[in-house]
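# Descriptive analysis of the structure
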Amino acid sequence: MYTVGWVCALPKELTAATAMLDERHPKLLSQPKNDRNNYTLGSIGKHNIVLVCLPKGRIGTNSAAITVTEMANTFPNVKFGLMVGIGGGVPPNVKLGDVVVSTPVDHHPGLIQWDFGKAEEGGNFKQTGAPNKPPVLLLNALDKLKAEQRLKGSKINQFLNDLELNWPQLKPKYSRPPSIPGSTATSERIDPHIHYGLIASGNQVIKDAKFRDCLNERYGGKLLCVEMEAAGLMEFPSIVIRGICDYADSKKNKDWQEYAAATAAAYAKELLGQVPPYDVNLEIPLRDTSYQVFETTSSAERKLDFIKARLEREEAVEILDWLTPIDYNSQQANHFSKQQTGTGQWFLRSEEYQTWLKCSKKTLFCPGIPGAGKTILASIVINDLLTRFRSDTSYGIAYIYCNFRKNEEQTVENMLASLLKQLSASQLSPPRSLESLHDVHKSRQTRPTMDEISSTLQYVVESFSRVFIVVDALDECQASNGCRARLISEISELQSKCGVNALVTSRFIPEITEMFEGAMSTEIRATDDDLQRYLDGHMPQLPKFDGCSTSQQGELQDQLQEEIKTGITKAVDGVFLLAQIYIDSFICKRSPRAIKNAIQSLCRESKGQASNITKLLQSAYDQTMERIETQPGDAPAIAKEVLAWVVCAKRPMHTSELYHALAVNIGNSELDRQNFTQVDIMVSVCAGLVAVDEESGNIRLVHYTIEEYLKDTLEKWFPNAEAHIAAICTTYLSLNIFHQAPGQTDDEFREPLQSYYLYRYASEYLEYHTEQASISNQRVMNSLESEAKVQDSN
């Protein structure tokens, strides 16, 4: 299903766009006779993309409108458009090679059709009409990308380097050229700068600096770029991205066009990385967003059809959101992004998996020890199913990622509702049974019962020829209230009545193993081949050692890398998590001898505890915490505070919340912004124990066994953690900014609260942490009293 339309005006822009694809797909076998476009198909991340270029000789806004209209009809699931290519920059701030992105400014939506209006008396020009604002989905992605780039910088140069490596024949043309002698701008930047604001589009080329400046003056000096095609997308949800190749003056030349096209395409790729695929699926299809673009070719009856389709889609989104807020799609994207290319193939080629694919009513149970890579393998299976049956809408695929930290929301009702939501979202419109369920409860303002969800799910499953359900980490699904048993019972019923296939991963838990007695089973463990691939991908992070010739250094590096890979592969005994911890420990070694000693130590330790994975993990975590404590400066304190928040927080913490939490000085009434700790530093000082979820922005532990370990050793590593967090919350809520000044309106008072990210958490959970601190103190007192009694008895 193709959901993103990427429009180019020139072949050189299409070349740059094609080079940015992660994967190219086969061409269409056929398309409607009235569609004259030539499409390039592919994907970037989880987004399937349609690339289209305006036919040679057809430029301007009208040509773009026709091209997009034809694309929208041929690909009815395209939800938004990206107009990506080259444009003329408006100096002095915009330089050659920079990127300009259309975003709203004042009352302008970001894109202006400068030649659409009427001349008035006195030589004035009155603008009429305006393009639609970019969709909220893309504006949110822009904000996320800006924040990410402030933290880590842009990936444009990385993608340009990838282009040169993957397509070496493009390097001569698409590399950065020298500056234009005597150009309007006095200097160009080495790295592209990204500008957000107004782009003017029209039906004629601007080659006059004076006219360009007059146009800029018309829009209050806020114009950044001029171009020729983008206004053709004015009725569609879209955004315009332009690489600057000239200054729209008489000195126009083509030297910078290819490079500018590449920078724009690289930015578009980076932007798509911030767009959640599941949210795209909920958007209204592009062809239904505005019937106005079809005015010249559509009858009144056709226009009414468009209006009806749009209203129906909006209702569908409302129904799916009403069903459940749970979204496993973002977790899937996050988990799959962590797999090393080529891993998990042993499982996909296994006889058990192939049998499971071909036969109906099959269950494949996949147990594994902690840290074996069960969740990553589940994401590989889900991706394989989605890819394998991408073009066949008669196949339904749904999945659940169980998480013991989310037991409150992961009730059996919510998990089954999520399966229902996923399967319904893959259809052109919500099933009638789901619409009826929604209508009944909406009028009563009630929620559906378990039986209603179950029967509706069964009805929807029956509409597919085959349905595959994947459940990851069943052992993390709560068992105390019967949730786990009921979930499996419901899936088993779907299997017996509708032929559903289920794949389940879990730790080796006796009661879970008994549930799947008689089912096909394959143990998940990290194969030596997968471990080697994983370690190969992390070898570049190892330090380089000086003190010998270049050739000797290369030989030494190669030898050490082989010893590391061999040593870790033997030591971890099929546990991916241990491989991750061990490779992180080697990164800080500063000599070949230190690395060799560490390898020998690993081998000795693993032999002594090979039969007990729990002790092996605990020992690895002990060593990691000791390594954290030996870091220089304030790194140990930062790491411990981060870990304390992650372990003790009542809910997952967003990086922005932690950013503020670590900046608080207890007792101070002002937040010292020079005390902020960058997120990448928070992650690095924790020595591989935490990671940032790319979709949600939450900071989390990389594995649940780390949480179990840290909770068991909380008093050792973080004495008085709860009291400290309570004090942080108290201080934060006491900041002067939260005290309303005399004469200050409520709106003026609330406005700054939006940028004080810890406010909501602190106000909601201060009481919780205060209670936990009291409980913790009582435990300490009881322990001291017990020790005193023992001493007295002696």
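Residues numbered from 1 in each chain as written. Predicted model: local features only at pLDDT ≥ 70, side-chain atom pairs only at ≥ 80, totals over all residues. Heavy atoms only, no water.

## Structural notes on the overall build of the chain
Across its full length, the chain carries 31 helices and 20 strands. Expressed as a percentage of its 794 residues, the buried residues of the chain come to 53%. A fraction of 78% describes how many contacts in the chain between residues 6 or more apart in sequence connect residues 24 or more apart. Summed over all atoms, the accessible surface of the chain reaches about 36,800 Å², with 49% contributed by carbon and sulfur. (Helix = DSSP H or I, 4+ residues; strand = E, 2+ residues; numbered from the N terminus. Buried < 20%, exposed > 50% of the residue type's maximum accessible area, 1.4 Å probe, protein only. Contact = heavy atoms within 4.5 Å. Areas by Shrake-Rupley, 256 points an atom, 1.4 Å probe, with all protein chains shown as cover.)

## Some words on the pairing of strand E4 (residues 47-53)
Of all seven residues that make up E4, seven are buried, and the element is covered over most of its length. Of the pairings in the sheet, the one linking strand E1 (residues 4-8) to E4 comprises five bridges and is parallel in character. What sits directly across from Val7, in E4, is Val52. Pairing geometry for strand E3 (residues 39-44) and E4, over six bridges, is antiparallel. Directly across from Ser43, in E4, lies its bridge partner Asn48. (Pairing = 2+ DSSP bridges.)

## Things to note about the confidence of the model for the chain
Scored by pLDDT, the chain comes out at a mean of 81, with 83% of its residues at no less than 70. Every residue in residues 57-61 is under pLDDT 50, and counting partners more than four places away or in other chains gives 18 contacts. Note that pLDDT drops below 50 for residues 786-791; the model gives that stretch zero contacts with residues more than four away or on any other chain. (pLDDT = per-residue confidence, 0-100.)

## Let's talk about the state of the cysteines
Tallied over the full model, the rule gives zero disulfides. For Cys402, which is in no disulfide, the shortest distance to another cysteine sulfur is to Cys477 and amounts to 4.7 Å. Taking relative accessible area as the criterion, Cys402 reaches 6% and is therefore assigned buried. (Disulfide = S-S within 2.5 Å.)

## Some thoughts on empty space enclosed by the protein
Evaluated as defined, the whole model comprises three cavities of 30 Å³ or more. Considered as a void within the structure, the second largest cavity measures approximately 40 Å³ in volume. Lining the second largest cavity are Leu416, Ser454, Leu457, Gln458, Glu490, Glu493 and Leu494. Of all elements in the fold, only helix H16 (450-461) and helix H17 (483-498) reach the threshold of two or more residues within the lining of the second largest cavity. Residues belonging to the lining of the second largest cavity are distributed by class as follows: three nonpolar, two polar and two charged. (1 Å grid on protein atoms, 1.4 Å probe; cavity = no way out; pocket = protein on both sides within 12 Å on 5 of 7 lines; lining within 4 Å. Points joined across faces, edges and corners; volume = space filled by probe spheres on them. Nonpolar A, V, L, I, M, F, W, Y, C, P; charged D, E, K, R; others polar.)

## Describing the pattern of salt bridges
Pairs can form between side chains of opposite charge whenever their charged atoms are close. Going through the model one piece at a time under the given rule, you end up with 21 salt bridges. A salt bridge links Asp213 to Arg212, with the shortest nitrogen-to-oxygen separation between them at 3.0 Å. Glu435 serves as the salt-bridge partner of Arg432, at 2.8 Å between the closest nitrogen and oxygen. Of the two residues, Arg432 and Glu435 are both situated in helix H15 (residues 432-444); the distance of three residues between them amounts to about one turn of the helix. Judged by its relative accessible area of 51%, Arg432 is exposed. (Salt bridge = Lys/Arg side-chain N within 4 Å of Asp/Glu carboxyl O.)

## Concerning helix H1 (residues 11-20)
Counted residue by residue, H1 has seven buried out of ten residues, so it is predominantly covered. All buried positions along H1 are accounted for by Glu13, Leu14, Ala16, Ala17, Thr18, Ala19 and Met20.

## Considering the sheet that holds strand E20 (residues 698-701)
With respect to topology, three strands assemble into an open sheet ordered E18-E20-E19, the strand pairing being antiparallel. Edge positions in the open sheet fall to strand E18 (653-654) and strand E19 (690-692), since each of these has one partner strand only. As judged from the three bridges shared by E19 and E20, these two strands associate in the antiparallel manner. Across the sheet, Ala691 pairs through a bridge with Arg700, a residue of E20. Packed onto the sheet, helix H24 (residues 635-648) meets E18, E19 and E20 and runs at close to 90° relative to E20. (Axes fitted to C-alpha atoms, helices over the stretch in contact; angles between N-to-C directions.)

## Description of the environment of Gln331
Relative to the assigned elements, Gln331 resides in helix H10 (residues 329-337). Apart from the residues within four sequence positions on either side, Gln331 is in contact with Tyr401 and Lys406.

## Some details on the packing of H16 against H17
Two elements in contact, H16 and H17, have axes whose closest approach is 10 Å; the angle formed by their N-to-C orientations is 35°. Every pair of crossing elements has a handedness; the one defined by H16 and H17 is right-handed. Listed contacts from H17 to Met450, Asp451, Ser454, Leu457, Gln458 and Val461 of H16 are Arg486, Glu490, Glu493, Leu494, Lys497 and Cys498. Among the residues making up the contact of H16 with H17, the classes are represented as five nonpolar, two polar and five charged. (Left-handed = near helix turned anticlockwise from the far one by under 90°.)

## A look at unusual backbone geometry
Of note, the bond from Pro91 into Pro92 is cis; its omega dihedral lies within 30 degrees of zero at 10°. On the secondary structure map, Pro92 appears in the loop between strand E5 (80-89) and strand E6 (99-102). Here the phi dihedral of Lys361 falls at roughly 60°; this positive angle occurs in a residue that is not glycine. The residue Lys361 is located in the loop between helix H12 (351-358) and strand E13 (363-367) in this model. When its relative accessible area of 48% is taken as the criterion, Lys361 is described as partly exposed. Phi is positive for Asn720, close to 65°, though the residue is something other than glycine. Within the fold, Asn720 resides in the loop between helix H28 (714-717) and helix H29 (721-733).

## A word on the sheet that holds strand E17 (residues 520-521)
Hydrogen bonds between backbone groups are what pair the strands of a sheet, and the pairing can be parallel or antiparallel. Reading across the sheet, the five strands line up as E14-E15-E16-E13-E17 and stay open at both edges, with parallel pairing between neighbours. One side of each edge strand has no neighbouring strand; the edge strands of this open sheet are strand E14 (395-401) and E17. Pairing of E13 with E17 involves two bridges; the strand directions are parallel. Bridge pairing links Phe365 to Ser521 in E17. Contacting E13, strand E15 (466-472), strand E16 (501-506) and E17, H12 crosses the sheet at an angle of about 140° to E15.

## Digging into the nonpolar core
Ranked by internal contacts, the top residues of the largest apolar core, which has 80 residues, are Ile568, Tyr582, Leu643 and Trp645. If you tally residues by element for this core, the top one is H24, at ten residues. Look past the residues within four positions of Trp645 in its chain and what remains in contact with it is Met653, Leu658, Ala661, Leu662, Ile725, Ile728, Cys729, Leu758 and Tyr761. Listed in part, the 74 residues of the second largest apolar core include Tyr259, Tyr267, Leu272 and Val280. (Core = buried A, V, L, I, M, F, W, Y, C linked by side-chain atoms within 4.5 Å.)

## Focus: the packing of aromatic side chains
Counted according to the given criterion, the structure contains 21 aromatic pairs. When the ring of Phe365 is compared with that of Phe516, the centres are 4.6 Å apart and the planes differ by 10°; the resulting orientation is stacked. Within this pair, whereas Phe365 is found in strand E13, its partner Phe516 is found in the loop between helix H18 (510-515) and E17, the two being separated by 151 residues in sequence. We classify Phe365 as buried; its relative accessible area is 3%. Phe516 sits in the buried class, given a relative accessible area of 10%. Ring geometry for Phe389 against Phe468: centres 5.4 Å apart, planes inclined by 10°, an arrangement best described as stacked. Of this pair, Phe389 sits in the loop between helix H13 (374-388) and E14 while Phe468 sits in strand E15, placing them 79 residues apart in sequence. Side by side, Phe389 and Phe468 carry an identical accessibility label, which is buried. (Phe/Tyr/Trp six-rings, centres within 6.5 Å; stacked < 30°, edge-to-face > 60°.)

## Focus: helix H6 (residues 209-218)
For H6, the set of buried residues is Arg212, Leu215 and Asn216. One face of H6 carries all of its buried residues, which in axial projection span an arc of 100°. Pointing more than 90 degrees away from the buried face of H6 are the exposed residues Lys210 and Glu217. Contact partners of the buried residues in H6: E5, strand E10 (194-201) and strand E11 (223-227). Trailing H6 by a residue or two, Gly220 shows a phi angle of about 70°, which is positive. (Arc of directions from axis to C-beta.)

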